[in-house]
Amino acid sequence: MAYVFLGNLTTMQLSKRLGITLSEDEAQKLEESRIDNAQAIPKGKWHCFDAPFAIHAGDYDTALLLAETLRPYEGDMKTSVQIAINSRRN
């Protein structure tokens, strides 16, 4: 079965889509670990797709960092986002 994921959202675009404003430190920390190429997401990196709206993290610790960063804004989010751990390695 093949899945199609579209888009490459930056941290700023991710926060805008969620309807939240990250602190400058949070945004910088997330942007530093963001990766443009989603073909192989390494440990310590993440990629956000626009459709379906989902974040793919390269490992558990990165997924946890994303969840912990976004959790305080949960009540303010205008939509939900999935955080997946990309266990496939090339």
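The structure we're discussing is the one just above.
Residues numbered from 1 in each chain as written. Predicted model: local features only at pLDDT ≥ 70, side-chain atom pairs only at ≥ 80, totals over all residues. Heavy atoms only, no water.

**Q** Which residues make up the packing of aromatic side chains, and what values do they have?
**A** Applying the stated criterion to the full structure yields one aromatic pair. For the ring pair phenylalanine 5 and phenylalanine 49, a centre distance of 5.0 Å and an interplane angle of 40° mean the geometry is tilted. Of this pair, phenylalanine 5 sits in the segment before α1 (11-18) while phenylalanine 49 sits in strand β1 (residues 46-49), and the two are 44 residues apart along the sequence. By relative accessible area, which is 8% here, phenylalanine 49 ends up buried. Between the NZ or CZ atom of arginine 17 and the centre of the ring of phenylalanine 53, over which it lies, the distance is 4.1 Å. (Phe/Tyr/Trp six-rings, centres within 6.5 Å; stacked < 30°, edge-to-face > 60°. Helix = DSSP H or I, 4+ residues; strand = E, 2+ residues; numbered from the N terminus. Buried < 20%, exposed > 50% of the residue type's maximum accessible area, 1.4 Å probe, protein only. Lys NZ or Arg CZ within 6 Å of the ring centre and 35° of its normal.)

**Q** Quick one: what's the story with the pattern of salt bridges, residue by residue and with numbers?
**A** Summed over the entire model, instances satisfying the criterion amount to three salt bridges. Arginine 17 is the partner of aspartate 50 in a salt bridge, and the nearest nitrogen-oxygen pair spans 2.5 Å. One end of the pair, aspartate 50, is in the loop between β1 and β2 (54-57); the other, arginine 17, is in helix α1, and 33 residues separate them in sequence. One salt bridge in this structure joins aspartate 36 and arginine 34, with 2.9 Å as the shortest N-O distance. Look at aspartate 36 and you get partly exposed, because its relative accessible area is 49%. Judged by its relative accessible area of 15%, arginine 34 falls in the buried class. In this structure, a network of salt bridges that share partners links the residues Glu31, Arg34 and Asp36. (Salt bridge = Lys/Arg side-chain N within 4 Å of Asp/Glu carboxyl O.)

**Q** Tell me about the nonpolar core, residues and numbers included.
**A** Of all hydrophobic cores here, the largest spans 16 residues; its most connected members are Leu14, Leu18, Trp46, Cys48, Phe53 and Ile55. Breaking this core down by element, the ones donating at least two residues are α1, β1, β2 and α3 (60-70). For this core, the element with the most residues is α3, which contributes three residues. Dropping the residues within four chain positions of it, isoleucine 55 is found in contact with Leu14, Trp46, His47, Cys48, Leu66, Leu70, Val81, Gln82, Ile83 and Ala84. (Core = buried A, V, L, I, M, F, W, Y, C linked by side-chain atoms within 4.5 Å. Contact = heavy atoms within 4.5 Å.)

**Q** Describe the sheet that holds β1, naming the residues involved and giving the relevant values.
**A** Hydrogen bonds between backbone atoms are what pair the strands of a sheet, whose relative direction is either parallel or antiparallel. Ordered in space as β1-β2-β3, the three strands form an open sheet in which the pairing is mixed. Looking at which strands have only one partner, the edges of the open sheet turn out to be β1 and β3 (82-85). Along the sheet, successive strands turn relative to each other by an average axial angle of 20°, direction set aside. With four bridges connecting them, β2 and β3 associate as parallel partners. For histidine 56, the partnering residue across the bridge sits in β3 and is alanine 84. (Pairing = 2+ DSSP bridges. Axes fitted to C-alpha atoms, helices over the stretch in contact; angles between N-to-C directions.)

By themselves, these figures tell us nothing about what the structure is for.
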